[in-house]
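One letter stands for each residue in the lines below.
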Amino acid sequence: MRTVRFRILLVPAILIAVLVPASAQASPSSDYPEFPYPATAAYDEPYRGQFHFSSRSGWMNDVNAPLYYNGLYHLFYQHNPHGLAWDTMHWGHATSPDLVHWTQKPVSLEPGVHPGDLFSGAGVVDTTNTSGLRTGADAPIVAFTGTNGVSIVYSTDGARTFQSYDRGRKVVVPSGTSRDPKVLWDAARGRWVMVVWSDGGGNGVNVYTSTNLLDWTYRSRFSAGWLFECPDFFSLAVDGNTGNTRWVMTDASGEYVTGTFDGAAFTPDFTAPQRMDQGRNAFDGSFYAGLVFSNMPDGRTVQMAWQPGNHGATWTGNASFPAQLRLISTPAGPRITRLPVAEIASLRFGTTTWSNRTVTTDPATDPFAGITADTYEILAEFDVGASTATQFGFQLHRRADGGYDRAVAYDRAAQTLYGAPLAPVNGRVKVRLLVDRGQLEVFGNDGRLSYTDNVNFNSAATSQGIRLFATGGSARLVSAEFHRLRSAWGQGEPTLESNLAGPWRPVAGNGAGSWGDTAAGKRGTAGGDAFYLSDTTAADFTYEGDVTIESGTAAAITFRANADATQHYTANIDASGVVKLWRPGRVIATYPTAVVPGRTYHLKVVTAGASIKVYLDHGATPVIDATDTAYAGGYLGANVFNGTGTVQNLTLNGPGFSTNLAGPWQPVNGTWTTTAPRAGAHGTGAGDTFYLSRTVAADLTYEGDLTIVNGTAAALTFRANADATQHYSANIDASGVVKLWRPGRDIGTYPTAIVPGRTYHLKVVAVGASIKVYLGNGTTPVIDATDTAYSSGYLGANVYDGSAVVQRLNRS
């Protein structure tokens, strides 16, 4: 991760943005995680890669913490989401089920929420919970960041949110300038290894080890003048032989050496580094700061790198297509090969193949004559010994006037491909090209050559020709394959949390509509009815979600729908002041209640045959209990009518928010939703936000589970009035206390470590003026106080200055 010193090297198209950068923004904890991107994105702009990841908008640089967890590949990256130039680094985030189809996710690390400068680093999945950070079903994802010392952030909800460990305390501090920690699991010794670049005494990395990811011991230093920033460190089997494994040390430029590692020190096989990619390996080039994925499910070593040279009207930078790394034997020693991952096959269509052709200067001999394409893959093998041409290769994005955007040629005399050395193997040369709108990746002889480049291809229909050419003689083509490659965009949901199957699809209903992505979820806008349907069908179920009318008439959850939503049931909140259950042609039932635009409501539907029950805001009693036999099963989804609405946390048969208190629950300030990833009620707000049940109590035993996601505090609230200007609250506070307080007075505190992301159990026993607070399963109160201000009131929850989840709020 570089500092701002390099920004003047950027291409002229963004020079103004560099000299006068967009104002970087730091988000408060109550807005975390932010999604500061356009609500809709076609990803179809000129020069936007169609199968190379780029950020939905904003600046992208180094690849950070690529990893696999629970069915998804996660790509994090250095990011300025608020401008096209380097400024105030965040960690951007994208996910993919297959390394090919990437979906932009909310920002993972944000200034103002996470301490420090949030520069480049790595991440691991702590599957056996060596860190002890696990709380709930998900294994901790632990990432490392920072300059001049390494700080830790971690996620306990599958990388949806991250918390800072020990308030950003630096766990190692190398001498000199330092940055770019890489962490990996050393299976042979059963411990973690960290390498951190620093210039203390010259370029090199410090090597540390740990058994728990939190406490690190210095082991050694590997110094090398060539090793500048963004190191990577991993092992590869030579020729696939697991009995002959070498370790690989790389730097940001893709230079590397192989060697041995004894668990403490790295010893290289050779001192002069090799290059794994021949692209312009600089921070103003086309290949930089690559990292391999951790926790891969199949043992492959897969790398992605930053391509700085790609930019458009709304984005800067892209990631290289994922490449599998291998280590092969050569007379000069072990060497890395790079090839696109096999999953690229999922994009192929319109395939054409040829074999045994002789290509001359005569255009009639060109098998690619007449083929036009925008994004594609070419694989070709040439018999060099049977060829007489001085050069042969491909002209890409060729036009009728003979012009073209780029040529990839093999020079027989120089034995170079695209200007990089490549000797024939058994007299033959293999060429593989990935051609995208702003990217060209060239591979030779099964990955012995890799050249990652940025090229601004002209995608106009008149500039999509391909020519296989030979100069000064003939070229013998042994075989060739041509594959058109479809766009990889648009498969996933950036912000909609749901356990329903995708892909989701919009259905217009009786009026044109559109659906977009916001930090609050999926936003629909329509003049009539617009539906958004998942690929999940169900008959009898519990289906629930959060719905918000932003403007207009109604927002809803839809169920038992057919494919075009001409048949469906829909339960909505309607701004006229009702909860309504309806289907085409019939309003089945309504429940009168105030509906406030901008407030989030929770709807739950329970169906069993003809019985349909609708619940509002966690009430134990349905507000609608109806019977209808029109539709027995169908798709689940959402609906907006005549306006704009947002839906979120659409969950089938989920745990929901568990409580025995009476509803409907009422928010007081802030926003409350029912989260899918962390089961429970999720409150966010600046200052105090409350969520009050309809249960009133004087003397009580009240308990629940509290988790601070980010920010300051989460609490049980009791004896509150309707607007929570009077109440008692017992909280966990990230400053390190359990606190009992009421407006105007801190009644009692108990010092104890409170770790964001971890769930704590609080219990309050109140009898008259006596109030006792218990932590965990303790039998002795941590606070035993007396206060006479309030004798009775509502039970509920509180979040202060941030976000938190409350669950299992029960009175006994």
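**A word on the overall build of the protein chain**
Here is step 1: The number of helices and strands found in the protein chain is 1 helix and 55 strands.
Here is step 2: Relative to its length of 812 residues, the protein chain is compact, with a C-alpha radius of gyration of 30 Å against a globular reference of 28 Å.
Here is step 3: Each principal axis of the C-alpha distribution contributes one length, and for the protein chain these read about 95 × 65 × 50 Å.
Here is step 4: Across the protein chain, the fraction of contacts at a sequence separation of at least 24, relative to all contacts at a separation of at least 6, is 61%.
Here is step 5: If you sum the accessible surface of the protein chain, you get close to 27,800 Å²; carbon and sulfur atoms cover 49% of it.
Here is step 6: One finds the centroid of the 60 positive side-chain charges in the protein chain at a distance of 2 Å from the centroid of its 66 negative side-chain charges.

**Comments concerning the environment of P781**
Here is step 1: Checked against the element boundaries, P781 lands in the loop between β53 (770-775) and β54 (783-786).
Here is step 2: Counting along the chain gives 17 residues from P781 to V764, while the straight-line C-alpha distance between them is 8.9 Å.
Here is step 3: Apart from residues lying up to four places away in sequence, P781 is in contact with K772, V773 and Y774.

**Here's the deal with the pattern of salt bridges**
Here is step 1: Taken as a whole and assessed by the stated rule, the structure comprises 34 salt bridges.
Here is step 2: R432 is the salt-bridge partner of E377, the closest N and O atoms lying 2.7 Å from each other. Here the residue E377 occupies a position in strand β24 (residues 376-383), and R432 occupies one in strand β29 (residues 428-435), the gap between them amounting to 55 residues. Of the two residues, E377 and R432, neither departs from the other in class, the shared state being buried.

**Thoughts on the packing of aromatic side chains**
Here is step 1: Overall, the coordinates contain 42 aromatic pairs when judged by the stated rule.
Here is step 2: Look at F144 and W216: their rings are 6.0 Å apart centre to centre, the planes differ by 85°, and that puts the pair in the edge-to-face class. With F144 in strand β6 (residues 141-145) and W216 in the loop between β11 (204-210) and β12 (217-223), this residue pair connects regions lying 72 residues apart in the sequence.
Here is step 3: Look at F144 and you get buried, because its relative accessible area is 0%.
Here is step 4: Taking the centre distance of 4.7 Å and the plane angle of 75° together, the rings of Y418 and Y451 count as edge-to-face. Note that Y418 is positioned in the loop between β27 (416-417) and β28 (420-421) and Y451 in strand β31 (residues 449-454), a separation of 33 residues in sequence.
Here is step 5: By relative accessible area, which is 14% here, Y418 ends up buried.
Here is step 6: Taking the relative accessible area as the measure of exposure, Y451 reaches 15% and is therefore buried.
Here is step 7: Ring pairing ties together the aromatic residues W354, F368, Y376, F382, F392, F394, Y410 and F482, which thus form one cluster.
Here is step 8: Directly above the aromatic system of Y615 lies the positively charged group of K604, at a separation of 4.9 Å from the ring centroid.

**Some points on empty space enclosed by the protein**
Here is step 1: Applying the stated criterion across every chain, the model contains 5 cavities of 30 Å³ or more.
Here is step 2: Of the volumes computed, that of the largest cavity is approximately 60 Å³.
Here is step 3: What lines the largest cavity is simply V63, N64, S120, G121, D180, P181, C230, P231, A289 and L291.
Here is step 4: Taken together, the elements giving at least two residues each to the lining of the largest cavity come down to β1 (58-69), β9 (178-186) and β18 (288-292).
Here is step 5: A class-by-class count of the residues in the lining of the largest cavity yields 6 nonpolar, 3 polar and 1 charged.

**Overview of the layout of surface pockets**
Any empty space left between the atoms is revealed when a probe the size of a water molecule rolls over them.
Here is step 1: In this model, the second largest pocket occupies a volume close to 990 Å³.
Here is step 2: In this structure, the second largest pocket is lined by 39 residues; those nearest its centre are W185, S235, G299, R300 and T301.
Here is step 3: Elements represented by at least two residues in the lining of the second largest pocket include exactly β5 (123-125), β9, β13 (232-238), β14 (241-250) and β21 (323-328).
Here is step 4: Of the residues assigned to the lining of the second largest pocket, the class counts are 19 nonpolar, 12 polar and 8 charged.

**Notes on the side chain of R560**
Here is step 1: Structurally, R560 can be placed in strand β37 (residues 541-561).
Here is step 2: One polar contact links R560 to D540, side chain to side chain, over a distance of 3.2 Å.
Here is step 3: At a separation of 2.9 Å, a polar atom in the side chain of R560 contacts the main-chain carbonyl oxygen of G609.

**Overview of the sheet that holds β5**
Here is step 1: Ordered by their spatial adjacency, 4 strands build an open sheet running β5-β6-β7-β8, and the pairing between neighbours is antiparallel. Either end of the sheet is taken by a strand with one partner, and the two such strands are β5 and β8 (163-164).
Here is step 2: Pairing between β6 and strand β7 (residues 151-155): 5 bridges, direction antiparallel. Bridge pairing in β7 places T145 opposite S151.

**Some words on the environment of L417**
Here is step 1: Residue position: L417 is located in strand β27.
Here is step 2: As a C-alpha pair, L417 and Y451 span 34 residues in sequence and 9.3 Å in three-dimensional space.
Here is step 3: Not counting residues within four places of it along the chain, the set of residues in contact with L417 comprises V408, A409, Y410, L422, V431, V442, F443, G444 and L449.

**Points about the pairing of strand β20 (residues 315-319)**
Here is step 1: Here β20 lies mainly inside the structure; 5 of its 5 residues are buried.
Here is step 2: Where strand β19 (residues 302-311) and β20 come together, 3 bridges link them in antiparallel fashion. Note that in β20 the partner of Q307 across the bridge is N318.

**A word on the pairing of strand β47 (residues 680-697)**
Here is step 1: The buried fraction of β47 is high, at 13 of 18 residues.
Here is step 2: In terms of strand pairing, strand β45 (residues 666-668) meets β47 through 3 bridges, oriented antiparallel. Residue pairing in the sheet places V668 in a bridge with F690 of β47.
Here is step 3: As judged from the 5 bridges shared by strand β46 (residues 671-675) and β47, these two strands associate in the antiparallel manner. Each residue of the ladder has a partner; that of T671, found in β47, is T684.
Here is step 4: With 12 bridges joining them, β47 and strand β55 (residues 793-811) adopt antiparallel strand pairing.

**Some points on the sheet that holds strand β25 (residues 391-398)**
Within a sheet, neighbouring strands are paired by backbone hydrogen bonds and run either parallel or antiparallel to one another.
Here is step 1: Pairing within the open sheet is antiparallel, and its 5 strands lie in the order β28-β27-β26-β25-β32. For this open sheet the edge positions go to β28 and β32 (465-471), each flanked by a neighbour on one side alone.
Here is step 2: In the sheet, β27 pairs with β28 via 2 bridges, with the strands oriented antiparallel. Counted as the bridge partner of L417 is A420 from β28.

Thresholds applied
Residues numbered from 1 in each chain as written. Predicted model: local features only at pLDDT ≥ 70, side-chain atom pairs only at ≥ 80, totals over all residues. Heavy atoms only, no water. Helix = DSSP H or I, 4+ residues; strand = E, 2+ residues; numbered from the N terminus. Rg over C-alpha atoms; globule rule 2.2 N^0.38 Å. Contact = heavy atoms within 4.5 Å. Areas by Shrake-Rupley, 256 points an atom, 1.4 Å probe, with all protein chains shown as cover. Lys, Arg positive; Asp, Glu negative; His and termini not counted. Charge placed at Lys NZ, Arg CZ, Asp CG, Glu CD. Salt bridge = Lys/Arg side-chain N within 4 Å of Asp/Glu carboxyl O. Buried < 20%, exposed > 50% of the residue type's maximum accessible area, 1.4 Å probe, protein only. Phe/Tyr/Trp six-rings, centres within 6.5 Å; stacked < 30°, edge-to-face > 60°. Lys NZ or Arg CZ within 6 Å of the ring centre and 35° of its normal. 1 Å grid on protein atoms, 1.4 Å probe; cavity = no way out; pocket = protein on both sides within 12 Å on 5 of 7 lines; lining within 4 Å. Points joined across faces, edges and corners; volume = space filled by probe spheres on them. Nonpolar A, V, L, I, M, F, W, Y, C, P; charged D, E, K, R; others polar. Polar contact = N/O pair within 3.5 Å; in protein donor to acceptor, adjacent residues only side chain to side chain. Pairing = 2+ DSSP bridges.

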